[in-house]
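As a plain string of letters, each chain reads:
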Protein chains: 4
Amino acid sequence: MNTFGTLFRLTSFGESHGPAIGGVIDGMPAGVVVDMDLLRREMARRRPGQSALTTARQEADEVELLSGVFEGRTTGAPIGFLVRNGNQHSADYDSLRDLFRPSHADYTYYNKYGLRDHRGGGRSSARETLTRCVAGAFAKMALGRLGVKVTAYTSQVGDIALPDDYTHYDLSVAETNAVRCPDAGTAARMAALISDVKAAGDTVGGVVSGVITGCPAGVGEPVFGRLQAELAAAMMSINAVKGFEYGLGFAGVSGRGSEQNDAFVPDGQGGVTTATNRSGGIQGGISNGQDITFRVAFKPVATLLREQKTVTVSGEPTTFRAQGRHDACVLPRAVPVVEAMAAITLLDLYLQDRARRNFGE
Amino acid sequence: MNTFGTLFRLTSFGESHGPAIGGVIDGMPAGVVVDMDLLRREMARRRPGQSALTTARQEADEVELLSGVFEGRTTGAPIGFLVRNGNQHSADYDSLRDLFRPSHADYTYYNKYGLRDHRGGGRSSARETLTRCVAGAFAKMALGRLGVKVTAYTSQVGDIALPDDYTHYDLSVAETNAVRCPDAGTAARMAALISDVKAAGDTVGGVVSGVITGCPAGVGEPVFGRLQAELAAAMMSINAVKGFEYGLGFAGVSGRGSEQNDAFVPDGQGGVTTATNRSGGIQGGISNGQDITFRVAFKPVATLLREQKTVTVSGEPTTFRAQGRHDACVLPRAVPVVEAMAAITLLDLYLQDRARRNFGE
Amino acid sequence: MNTFGTLFRLTSFGESHGPAIGGVIDGMPAGVVVDMDLLRREMARRRPGQSALTTARQEADEVELLSGVFEGRTTGAPIGFLVRNGNQHSADYDSLRDLFRPSHADYTYYNKYGLRDHRGGGRSSARETLTRCVAGAFAKMALGRLGVKVTAYTSQVGDIALPDDYTHYDLSVAETNAVRCPDAGTAARMAALISDVKAAGDTVGGVVSGVITGCPAGVGEPVFGRLQAELAAAMMSINAVKGFEYGLGFAGVSGRGSEQNDAFVPDGQGGVTTATNRSGGIQGGISNGQDITFRVAFKPVATLLREQKTVTVSGEPTTFRAQGRHDACVLPRAVPVVEAMAAITLLDLYLQDRARRNFGE
Amino acid sequence: MNTFGTLFRLTSFGESHGPAIGGVIDGMPAGVVVDMDLLRREMARRRPGQSALTTARQEADEVELLSGVFEGRTTGAPIGFLVRNGNQHSADYDSLRDLFRPSHADYTYYNKYGLRDHRGGGRSSARETLTRCVAGAFAKMALGRLGVKVTAYTSQVGDIALPDDYTHYDLSVAETNAVRCPDAGTAARMAALISDVKAAGDTVGGVVSGVITGCPAGVGEPVFGRLQAELAAAMMSINAVKGFEYGLGFAGVSGRGSEQNDAFVPDGQGGVTTATNRSGGIQGGISNGQDITFRVAFKPVATLLREQKTVTVSGEPTTFRAQGRHDACVLPRAVPVVEAMAAITLLDLYLQDRARRNFGE
């Protein structure tokens, strides 16, 4: 389905080559000042054509807010919005009508629905993720009132990986380079790799890391609404994502429990903190007040500027070579999408906790 | 919340040291023959005390079906069930009342709810996962009618990992050893490692791999109900899980798109198949008819038979040493839980697809 | 489906002649003192055999709480519960196996599911409503902390109707007679009517009226979560209910707007109240702080101790005469069910409002 | 919340005086031919200014489809749509900024959200119901493939009521008069009453009756998803609705069970039908294959062209007289909205039944 969330939720619609892409943000708390600069900035971060590393498509991605905002504040009513599709080269896709692109959604949509909008991937296009950035911007506005900050950055491209975790970097540096990596030297090497891959008509994947700071303890709903389960569903709903982990993740499986537990210690202010944070800020599915850390794996996108073997809709062998303008590496543009989905998820679970917290007192 | 699923769903309840653990299975298709042997087998696979490698707790885990079954078939009505808690050594947990065990849910529950049932982890106990196995057994009964088979196995314990993917093993071998690894030699090494770790009062993690065969194309709902997103949420809701990936997963991020695409080829019967299956059986969030493959990372469990530093409920430093009977490695018992959650997820999405498939024709 | 509610919800299971009926209450706020007397009282009000007016079936309806309560308080974990079915005269129903009782759910269940548990109506039995009373009792415990009180009473049986609205009666009188009507004289006439109808092997319907006092303004979610929409769904889910109205309801359609508007006036304490309450306490789908009033129509139940024409499962004409012990009028026992569903609905919407209220300040 | 439905669902957004009103239709089966004439006809039936009896506001209500349709068929992707607001006389509403209109949602929205868009009722405006007609049109397209037909008509205005049920009229006559009443003589009297009331600056209510023909048996989900419960929630979510009943409804409470049961009889084709249809086509929450009948009570709308007492936002007494163009009776324009909500509800439950039907065979 096309709705994500329980109390704060995004319903999205739109195909890459239809009239528009948009959505409805429901459950936004009322009275929050709408920060249009923040909204535009998030859209600009996701926008194609933002640097030499991304697709050359130029899309303004101007968001039109249709409801739910009055005199500069949210009203509690649903926020309808849309972005008109422009600069479409639909003819680039004519050749797709009768074949299935390898490792795209062409075949599965066709099988499931019996027909498909073949232009630019239709509903399966990553262009849909712009709706996440709109909803994410509103979630960030609400979370900002609570002092919660969601940050993501590119931590790996191909086999070039940042050697250390987020505590070793100034994360604001990530926004100063086209790759969105917080280490300038690594960023330069990543950029060079992307350029090489692009020149070869190929693509490359990578990892986006996320950090949420300032999240109060208590966010997350056992048993099936665990914070990590909701975050995972959020991230795995992004195009090209193949894996999700939090805290030590897959790397932690080879160690021992005695090396990984986080000892509780007094925080010096009458409260409790942990001496380490291998848990990634979540215990028992609920935030513990420490930084929440997670990683998201993106595969190399399937669109290659090379000839590939495939079959036609009627099952005949054929070959296919992508036309059009495509990203050789989605990581730079995926960073704001990861942030958006994390913000949406966190606000939703925060509101669920708020609904019942301290009720019995 | 304590409900998982849309059309086929499990609502669970119960604490490890309360009177019972149970749940309600809603949306089970009517008329399916109830295979009680299958149900008992799944429970036995998850049961504590099943081998020298697992906790010595002996729990019969006899499932009582309370509704929804009549004369050996499902009726379409919800299936209520429960398992009485027995063999409880609640006194083992008296010392937990006033402190927070490191890397457990003690602190986060206390913060969220203002009080907690401290006995055996209460609601956060992995004993809750038995409800997944009950619902999973019914999901398997329904999926069996479709020829869908869900299999999981232990592919890594600590740093001992199976070198190859599932196509290189006879997966039925997994059920012939206590570790549930399909390679007897590797299983023996894993068992030895678990024994060593247990003797040291420590714990160790690992990876469970899953394979779904026979799944028709078309299962999975774009955009937010992607099959991988629902599977991820399902797996990340299991205690001790830290990561999820499908297809090539995290390993695929360092390769190139040209190395990872799955070329479509005629299947020789008028249909379409893929020459390779790096996608893990899912494209665009929808099953493509190939085997669905995924991996789930389990951390070393937090309960150590060693002294650890922590704080009391009032924030004073103290130390803690677990009493009672615990698993040094949850992997063997996690295998059926992973299968159960996969089966529940798949049946739910299958029914969603079935609701609308071929409607317009 | 068998779940009602969003943040506070009941999932129910069970057939009248299976082992047990029960459910799971999810989302109960933590820390609320569990009032077992209240719970038992609610069960006793719904219990068969409570007076000469109701069915002679004697069922203890002892509720067993299985989870979610610790040391006398709710923990925030789901509350599993069950009531064992006893005193079953299943043989009374043998004759039902092969025919469809008129105006019962026999045919529709059989059509929908392809098979049915014919004993005592199976899942369609009103015995399921005991789960509402359990969940309603917990909702009342939570609402009690807020000063919200939910009261229902029998206002009509057959054509004997209370002439005035609730403001003219001492509603506590309703619990002093078997009919649950707050006017003793009218109650006596209603009781006589029920006795007459029962003696004739017939049945009679009526109206239950509900009043919610102390509800703060702001409860109810526009547009589809309107308080009246959720109340209506709640009431229409009760067996034998044929209609729902609030405020002036159907009677108001023939008047004029100028006669029905509720003028706002200062409440003398700096706030706002209304001079009249024809709106029934709800405006725009949201409570306005006045008493919430509604009415629920119950048909005469379909089980007659008379011979009726019907058909067999294979479509052959036959006749049917109910055996067993049945209510000639469900109104007295429906009163606590109506209260329970109102309490569940109100708490759910209250929590939804609480989640976002005053967020932007 | 602003989403209705489970498998087929409408999410709506928009205020009467914002840029646009629109929504997202999710779960529409793929491959259904889009009947744009049907869509335009439904919009025209709800449109203001359609006759002398309705508000003089002239709104074109041109629907723009933004997604989910390709080459004249639905694709299975969500259908985003919007209607631009035009012909707004926002200045008509300036006087509302600082006061609460009697029996409107002004006060409750203000209390709930802390601020409100006062122009034309904002989110509480009945203009939102146009989104129901769009989604309803698509639901009708799908239901049309099944032979299901949803029809509503005005059966009462003020105290002028049709004397007989739908079987006595040619329902197509309803669309030939401005009141939408299937009896021309009664329609004329209703029209005269509305004109009189309008001339007096007053308003009047009425009843819309609905009939669903061709619905197969088996639609509706016990226990909480009963067809009548979902229909009730659907209808009670429409502005100005105060009551819902089906079958004999409130009128049936005074009769006897022996007078109201519907005897099953052979249908002459090997199946089963009922000799009468007092049940209104639903038994046990599930359609039985007979016509589904229900009635919806609309109050006289609250907007009067007369002076009324009220209070300001700060609680001071004041008076208010509505400006602008308003309906003296909403019934004629409510008919298509009732049909739309019925169609949406029915398709949703039909799909839920389809998901599991005949699974076990």
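Quantities reported herein were computed from a predicted structural model and do not represent experimental measurements.

(A) Spotlight on the overall build of chain A. Scanning chain A from terminus to terminus reveals 7 helices and 18 strands. Taking 361 residues into account, the globule formula puts the C-alpha radius of gyration at 21 Å, and chain A, at 21 Å, falls close to it. For chain A, the C-alpha atoms occupy an extent of roughly 70 × 50 × 35 Å along the three principal directions. Here chain A, with 361 residues, has 68% of them falling under the buried criterion. Within chain A, contacts between residues at least 6 apart in sequence are counted, and of these 70% link residues at least 24 apart. With the model as given, the accessible surface of chain A reaches about 10700 Å², and the carbon-plus-sulfur share is 48%. Within chain A, the 38 negative side-chain charges are centred at a point lying 3 Å from the centre of the 37 positive side-chain charges.

(B) Representation of the relation of the copies chain C and chain D. Aligned on chain D, chain C shows an RMSD of 0.0 Å; the corresponding rotation is 180° and the shift along the axis is 0.0 Å. Put plainly, the chains are arranged around a two-fold axis. Looking at chain C, 100% of its interface residues are interface residues in chain D too, so the copies touch through the same face.

(C) Seen up close, the interface of chain A and chain B. Counting from both sides, the interface comprises 102 residues of chain A and, opposite them, 101 residues of chain B. Of the roughly 7600 Å² buried between chain A and chain B on both sides combined, carbon and sulfur atoms contribute 60%. The tally of links from chain A across to chain B stands at 4 salt bridges. Across the pair A:Lys112 and B:Asp353 runs a salt bridge, and its minimum N-O distance is 2.8 Å. Put simply, chain A and chain B have 42 residue pairs in polar contact (both at pLDDT 80 or more) between them. In terms of residue class, the side of chain A that touches chain B is made up of 44 nonpolar, 37 polar and 21 charged.

(D) Expanded view of the sheet that holds strand β8 (residues 149-157) of chain D. With antiparallel pairing, the 10 strands of this open sheet are ordered in space as β9(C)-β8(C)-β10(C)-β16(C)-β11(C)-β11(D)-β16(D)-β10(D)-β8(D)-β9(D). In this open sheet, the two strands that pair with only one neighbour each are β9 (160-161) of chain C together with β9 (160-161) of chain D. Pairing of strand β8 (residues 149-157) of chain C with β9(C) involves 2 bridges; the strand directions are antiparallel. Pairing of C:Gln156 across the sheet is with C:Ala161, part of β9(C).

(E) Structural view of the packing of helix α1 (residues 36-46) of chain B against helix α7 (residues 331-356) of chain B. Residues and elements named next belong to chain B. Between α1 and α7, whose axes approach to 7 Å, the crossing angle comes to 140°. On the basis of the axis angle, α1 is oblique to α7. Contacts between α1 and α7 involve Glu 42, Arg 45 and Arg 46 from the former and Pro 332, Arg 333, Val 335, Pro 336, Val 337 and Glu 339 from the latter. Of the residues belonging to the contact of α1 with α7, the class tally is 4 nonpolar, no polar and 5 charged.

(F) Broad picture of the packing of helix α7 (residues 331-356) of chain A against helix α7 (residues 331-356) of chain C. Between α7(A) and α7(C), whose axes approach to 7 Å, the crossing angle comes to 120°. On the basis of the axis angle, α7(A) is oblique to α7(C). As α7(A) packs across α7(C), the resulting crossing turns out to be right-handed. Residues A:Leu351, A:Arg354, A:Ala355 and A:Arg356 of α7(A) pack against C:Leu351, C:Arg354, C:Ala355 and C:Arg356 of α7(C). Residue classes in the contact of α7(A) with α7(C) are distributed as 4 nonpolar, no polar and 4 charged.

(G) The interface of chain C and chain D, seen in detail. Across the contact, 101 residues belong to chain C and 101 residues belong to chain D. A buried area of about 7600 Å², summed over both sides, lies between chain C and chain D, and 60% of it is on carbon and sulfur atoms. At the junction of chain C and chain D, the tally comes to 4 salt bridges. Our count for the chain C to chain D interface comes out at 41 residue pairs in polar contact (both at pLDDT 80 or more). Class assignment of the residues belonging to the side of chain C that touches chain D gives a composition of 43 nonpolar, 37 polar and 21 charged. Both strand β11 (residues 241-246) of chain C and strand β11 (residues 241-246) of chain D contribute to a ladder of 3 bridges, which runs antiparallel. Within the sheet, the bridge partner assigned to C:Gly243 lies in β11(D) and is D:Glu245.

(H) The pairing of β8(C), seen in detail. Burial runs high along β8(C): 8 of the 9 residues are buried. Between the end of β8(C) and the start of β9(C), which pair antiparallel, lie 2 residues, with C:Gly158 showing a positive phi angle near 55°.

(I) Here's a closer look at the nonpolar core. Core analysis: the biggest nonpolar cluster contains 362 residues, and A:Phe298, B:Phe298, C:Phe298 and D:Phe298 have the highest contact counts within it. Those residues in contact with C:Phe298, other than ones at most four positions away along the chain, are C:Gly205, C:Gly206, C:Val208, C:Ile238, C:Asn239, C:Ala240, C:Val241, C:Val330, C:Leu331, C:Ala334, C:Val338 and D:Val253.

(J) Summary view of the relation of the copies chain A and chain B. For the pair chain A and chain B, the best superposition has an RMSD of 0.0 Å and corresponds to a rotation of 180° with a translation of 0.0 Å parallel to the axis. Taken as a fraction of all interface residues of chain A, those also at the interface in chain B reach 99%, which identifies the copy contact as same-surface.

(K) Region of interest: the state of the cysteines. All names here are of chain C. Evaluation of the coordinates by the stated rule reveals 0 disulfides over all chains. Its sulfur unpaired, Cys 181 is 12 Å from the next cysteine sulfur, which belongs to Cys 329. By relative accessible area, Cys 181 is classed as buried at 0%.

(L) Examining the packing of aromatic side chains more closely. Applying the stated rule across the entire model yields 34 aromatic pairs over all chains. For the pair B:Tyr350 and D:Phe359, a centre-to-centre distance of 6.3 Å together with 80° between the ring planes defines the contact as edge-to-face. Here D:Phe359 lies in the segment after α7 (331-356) and B:Tyr350 lies in helix α7, a pairing that spans two chains. Classification of B:Tyr350 as buried rests on a relative accessible area of 16%. Overall, the relative accessible area of 6% leaves D:Phe359 in the buried class. Clustering of aromatic rings is evident, with ring pairs tying together A:Phe100, A:Tyr107, A:Tyr110 and B:Phe264. Positioned above the aromatic ring of A:Tyr246, the side-chain terminus of B:Lys242 is 3.8 Å from the ring centre.

The rules we used
Residues numbered from 1 in each chain as written. Chains lettered and ligands numbered in written order. Predicted model: local features only at pLDDT ≥ 70, side-chain atom pairs only at ≥ 80, totals over all residues. Heavy atoms only, no water. Helix = DSSP H or I, 4+ residues; strand = E, 2+ residues; numbered from the N terminus. Rg over C-alpha atoms; globule rule 2.2 N^0.38 Å. Buried < 20%, exposed > 50% of the residue type's maximum accessible area, 1.4 Å probe, protein only. Contact = heavy atoms within 4.5 Å. Areas by Shrake-Rupley, 256 points an atom, 1.4 Å probe, with all protein chains shown as cover. Lys, Arg positive; Asp, Glu negative; His and termini not counted. Charge placed at Lys NZ, Arg CZ, Asp CG, Glu CD. Least-squares fit on C-alpha atoms with pLDDT ≥ 70 in both. Buried area = accessible area lost by both parts, 1.4 Å probe. Salt bridge = Lys/Arg side-chain N within 4 Å of Asp/Glu carboxyl O. Polar contact = N/O pair within 3.5 Å; in protein donor to acceptor, adjacent residues only side chain to side chain. Nonpolar A, V, L, I, M, F, W, Y, C, P; charged D, E, K, R; others polar. Pairing = 2+ DSSP bridges. Axes fitted to C-alpha atoms, helices over the stretch in contact; angles between N-to-C directions. Parallel < 35°, antiparallel > 145°, perpendicular 65-115°, else oblique. Left-handed = near helix turned anticlockwise from the far one by under 90°. Core = buried A, V, L, I, M, F, W, Y, C linked by side-chain atoms within 4.5 Å. Disulfide = S-S within 2.5 Å. Phe/Tyr/Trp six-rings, centres within 6.5 Å; stacked < 30°, edge-to-face > 60°. Lys NZ or Arg CZ within 6 Å of the ring centre and 35° of its normal.

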